[in-house]
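Structure at a glance
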Amino acid sequence: MSTPGEGPERRHAEHAASFTHHADEYDAVRPGYPPAAVDLLVPARAHDVLDLAAGTGKLTASLVARGLQVVAVEPAEGMREQLAARLPQVEVHAGTAERIPLPDASVDAVTVAQAWHWFDEPAAAAEVARVLRPGGTLGIVWNDRDEDVPWVAAYGTLLHEAAGPQLARGTHPTVGDGFTDVLRTDVRWEHALAPEDLVRLAGTRSYALVLPPDEREALLDRVRTLVTTHPDLAGLDRVPVPYVTRVYTARRR
Ligand SMILES: C[S@@+](CC[C@H](N)C(=O)[O-])C[C@H]1O[C@@H](n2cnc3c(N)ncnc32)[C@H](O)[C@@H]1O
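Just so it is clear, the structure is predicted and the values come from calculations on it, not from any experiment.

A closer look at the overall build of the protein chain
Counting its regular elements, the protein chain contains 10 helices and 7 strands. The proportion of buried residues among the 253 residues of the protein chain is 51%. For the protein chain, the share of sequence-separated contacts (at least 6 apart) that also reach a separation of at least 24 residues comes to 75%. Counting only carbon and sulfur atoms, one obtains 53% of the accessible surface of the protein chain, whose full area is about 11,900 Å².

Focus: the pattern of salt bridges
All chains considered together, the criterion is met by 14 salt bridges. The network of salt bridges with common partners includes Asp144, Arg184, Asp186 and Arg246.

Topic: the pairing of strand 4 (residues 107–113)
Counting buried residues in strand 4 gives 7 out of 7 residues, a clear majority hidden from the surface. Two strands pair when backbone bridges link them, and strand 1 (residues 48–52) and strand 4 are joined in this way by 4 bridges, in the parallel orientation. Within the sheet, the bridge partner assigned to aspartate 51 lies in strand 4 and is threonine 111. In terms of strand pairing, strand 4 meets strand 5 (residues 132–145) through 6 bridges, oriented parallel. Bridged to threonine 111 within strand 5 is glycine 139. Of the crossover connections in this fold, the one passing from strand 4 over helix 6 (residues 121–131) to the parallel strand 5 is right-handed.

Details of the nonpolar core
Considering soluble globular proteins, one finds that nonpolar side chains tend to be buried as a cluster. Core analysis: the largest hydrophobic core is formed by 28 residues, its most contacted members being Leu52, Val110 and Phe119. If one sorts the elements of this core by residue count, helix 6 sits on top with 5 residues. Residues in contact with phenylalanine 119, not counting those within four places in the same chain, are Leu52, Ala53, Ala97, Glu98, Val112 and Ala124.

Details of unusual backbone geometry
Generally, phi is negative for residues other than glycine and the peptide bonds are trans, each holding for most cases. Although it is not a glycine, glutamine 114 adopts a positive phi angle of roughly 60 degrees. Looking at the secondary structure, you find glutamine 114 in the loop between strand 4 and helix 6. Located in the positive-phi region is aspartate 181, a residue other than glycine, with phi close to 55 degrees. For aspartate 181, a relative accessible area of 44% gives the class partly exposed.

Some remarks on the site of the ligand
In the neighbourhood of the ligand, 20 residues make up the surrounding shell, with Tyr33, Ala53, Glu74, Ala97 and Ala113 lying closest. Measuring from an oxygen atom of the ligand, one finds a side-chain N or O atom of tyrosine 33 at 2.5 Å. In this structure, an oxygen atom belonging to the ligand sits 2.7 Å away from a side-chain N or O atom of glutamate 74. Contact with the protein chains covers 96% of the free accessible surface of the ligand, which is 600 Å². Looking at the shell around the ligand residue by residue, the class counts come to 13 nonpolar, 3 polar and 4 charged.

Re the sheet that holds strand 1
With mixed pairing, the 7 strands of this open sheet are ordered in space as 3-2-1-4-5-7-6. A single partner strand is all that each edge strand has here, and the edge strands are strand 3 (91–93) and strand 6 (179–193). Looking at each pair of strands side by side, their axes are set apart by 20 degrees on average, direction ignored. Examined bridge by bridge, strand 5 and strand 7 (residues 239–252) share 9 bridges and lie antiparallel to one another. Directly across from aspartate 144, in strand 7, lies its bridge partner valine 244. Strands in contact with helix 6 are strand 1, strand 4, strand 5, strand 6 and strand 7; relative to strand 5, the strand with the most contacts, it is inclined by about 135 degrees.

About the thresholds
- Residues numbered from 1 in each chain as written.
- Predicted model: local features only at pLDDT ≥ 70, side-chain atom pairs only at ≥ 80, totals over all residues.
- Heavy atoms only, no water.
- Helix = DSSP H or I, 4+ residues; strand = E, 2+ residues; numbered from the N terminus.
- Buried < 20%, exposed > 50% of the residue type's maximum accessible area, 1.4 Å probe, protein only.
- Contact = heavy atoms within 4.5 Å.
- Areas by Shrake-Rupley, 256 points an atom, 1.4 Å probe, with all protein chains shown as cover.
- Salt bridge = Lys/Arg side-chain N within 4 Å of Asp/Glu carboxyl O.
- Pairing = 2+ DSSP bridges.
- Right-handed = clockwise from strand over helix to strand, strands pointing away.
- Core = buried A, V, L, I, M, F, W, Y, C linked by side-chain atoms within 4.5 Å.
- Near = heavy atom within 4 Å.
- Polar contact = N/O pair within 3.5 Å; in protein donor to acceptor, adjacent residues only side chain to side chain.
- Nonpolar A, V, L, I, M, F, W, Y, C, P; charged D, E, K, R; others polar.
- Axes fitted to C-alpha atoms, helices over the stretch in contact; angles between N-to-C directions.

In structure tokens, the structure reads:
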């Protein structure tokens, strides 16, 4: 049993806060989202889009590039600063999924990239339904490394992430009765990184973010040994990291 102050709420808060301090690393090495996934996330008729938990704007940038009118909501200040510097045309708000600082029925689509698992799902689903116009869509996306590839499985094991971050909590995000037409699509692609950037990528994972400094360095050394000596990777200048991007879409009733 957890003692007060050491339970899941505190760990959750630590992980969420840790994103603020690692926004630069996060932005430099985390993968973006392939165009085929972005096509699925936002319907062609959408105009006003909320990118919820927008982080440094990795998905937001793809939405802006499509000519959409994008509002971003993000709780972590460091993430918001990077987003605002990168995409000055985007209206950025401090806020959370459980309390979205937008009026009722104000957007055609809400996107959530690599973040749904951080939310209180029922509260977030209700808030997303509130800010969507009738018939509007929720698009949830995240990247799982393809662990059918042996070196990728070994990398995930080092990070205690053998299953994808959301799959570990159950196969499907729960969006509740406010939504219909729930669809899941997988998009396969590769993101090429230098070997040292694979080590930096490991450092941005939530497990590594909250370790004490000496344990974190020891973990990153083990990752460095893997990516420089694994027979499938040794000698490569650029490592193609295989991803399966999971896309969920649902329509507000
Ligand atoms: C892994 S990052 C993803 C950021 C961005 N969507 C992307 O694709 O790069 C997860 C983000 O969720 C945010 N977050 C965590 N808990 C949240 C909550 N309850 N409501 C809204 N955002 C939250 C974090 O601050 C962080 O920016």
